[in-house]
Amino acid sequence: MGHIAYLRRKETFSAAHRLHSSYLTEEENKELYGKCNNPNGHGHNYTVEITIRGEVDPHTGMVMNLTDLKKCMGVAILDELDHKNLDLDVPYFTNCPSTTEMVAVFIWNNIRKHLPKGKYELYEVKVHETDNNVVIFRGELTSTEDVP
Ligand SMILES: Nc1nc2c(c(=O)[nH]1)N=C([C@H](O)[C@H](O)COP(=O)(O)OP(=O)(O)OP(=O)(O)O)CN2
Ligand SMILES: [Zn+2]
């Protein structure tokens, strides 16, 4: 019988952003996002944790080589987001508010593109925007089709 394990790696990155939705008026944006709608933005030191679920290979003793996961997170997360203005430098956020929820979804999609093939899958993306504010995304989708 094989063993299923969860492998997790953490990275940190710094980025600036402004919470603003193009679906709302200026007044609605101010009302909803408050100080986070400040026109000149603000910054966070984000922490992101990636969890991979898979079978422990009986010959190597690994679900996946953490060195490969480190490389993948470098390309899919750090190269894209570290020391960037999320709203201005990352096209994904041009028309999508750069909330922690959407940062987690962006990272999920990008990690999946860069993850080497193996007997494992991306299980969870956890993004800490501050020490207090954390979002978890596990790739779950709703059935509604009216998502902008
Ligand atoms: N659902 C979400 N709500 C909010 C988000 C978000 O990403 N998703 N983001 C923000 C702000 O960008 C920011 O995170 C709030 O910062 P702040 O209030 O400073 O964070 P803390 O709660 O950790 O700070 P305190 O020291 O406790 O005030 C707002 N909402
Ligand atoms: Zn913020």
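Residues numbered from 1 in each chain as written. Chains lettered and ligands numbered in written order. Predicted model: local features only at pLDDT ≥ 70, side-chain atom pairs only at ≥ 80, totals over all residues.

For the rest of this paragraph, the subject is helix α2 (residues 66–81). Between the first and last C-alpha of α2 there are 21 Å, a value that for 16 residues agrees with the 22 Å anticipated at 1.5 Å per step. Roughly 40° is the biggest bend found in α2, and it falls at G74. Along α2, the residues classified as buried are L69, C72, M73, A76, I77 and L81. Residues of α2 that are buried sit in contact with β1 (4–17), β2 (42–55), β3 (84–85), α3 (86–89) and α4 (100–114). At the C-terminal side of α2, H83 shows a positive phi close to 60°. (Helix = DSSP H or I, 4+ residues; strand = E, 2+ residues; numbered from the N terminus. Expected span 1.5 Å × (residues − 1). Bend = angle between axes of the 7 residues up to and from the residue. Buried ≥ 20, exposed ≤ 12 C-beta atoms within 10 Å, placed from the backbone. Contact = placed C-beta atoms within 7 Å.)

In this section: the pairing of strand β4 (residues 120–128). Where β2 and β4 come together, 8 bridges link them in antiparallel fashion. Pairing of V48 across the sheet is with V127, part of β4. As paired elements, β4 and strand β5 (residues 134–137) share 4 bridges and run antiparallel to each other. Opposite V125, over in β5, you have F137 as the bridge partner. If you look at the hairpin formed by β4 and β5, you'll find 5 residues sitting between the two strands. (Pairing = 2+ DSSP bridges.)

Mapped onto the present numbering, the UniProt feature "active site" (unreviewed entry) falls on C36, H83 and E129. Examined against the element boundaries, H83 turns out to sit in the loop between α2 and β3. For E129, the position within the fold is in the loop between β4 and β5. Taking the C-beta count within 10 Å as the criterion, E129 has 19 such neighbours and is therefore assigned partly exposed. Among all residues touching E129, those that are not within four sequence positions of it are H44, Y46 and T100. (UniProt positions renumbered as here; feature names shortened; annotations may be inferred.)

Further remarks concern the UniProt feature "binding site: Zn(2+)" (unreviewed entry) in the protein chain. UniProt's feature table lists "binding site: Zn(2+)" (unreviewed entry) at H17, H42 and H44, given in the numbering used throughout. Across 28 residues, the annotated set stays spatially compact, with a maximum C-alpha separation of 8.3 Å. Residue placement: H17 occurs in strand β1. Taking the number of C-beta atoms within 10 Å as the measure of exposure, H17 has 25 and is therefore buried. Discounting chain neighbours no more than four positions away, the residues touching H17 are G41, N85, L86, D87 and S98. With respect to the secondary-structure elements, H42 resides in strand β2. Setting aside residues up to four positions removed in sequence, H42 forms contacts with A16 and C36.

Pairing is mixed in the open sheet, where 5 strands are placed in the order β3-β1-β2-β4-β5. What marks the edges here is a single partner per strand, and that holds for β3 and β5. The sheet contact formed by β1 and β2 spans 14 bridges and is antiparallel. Following the sheet pairing, A15 is matched in β2 by H44. Sheet strands in contact with α2 are β1, β2 and β3, and its direction is about 25° off that of β1. (Axes fitted to C-alpha atoms, helices over the stretch in contact; angles between N-to-C directions.)

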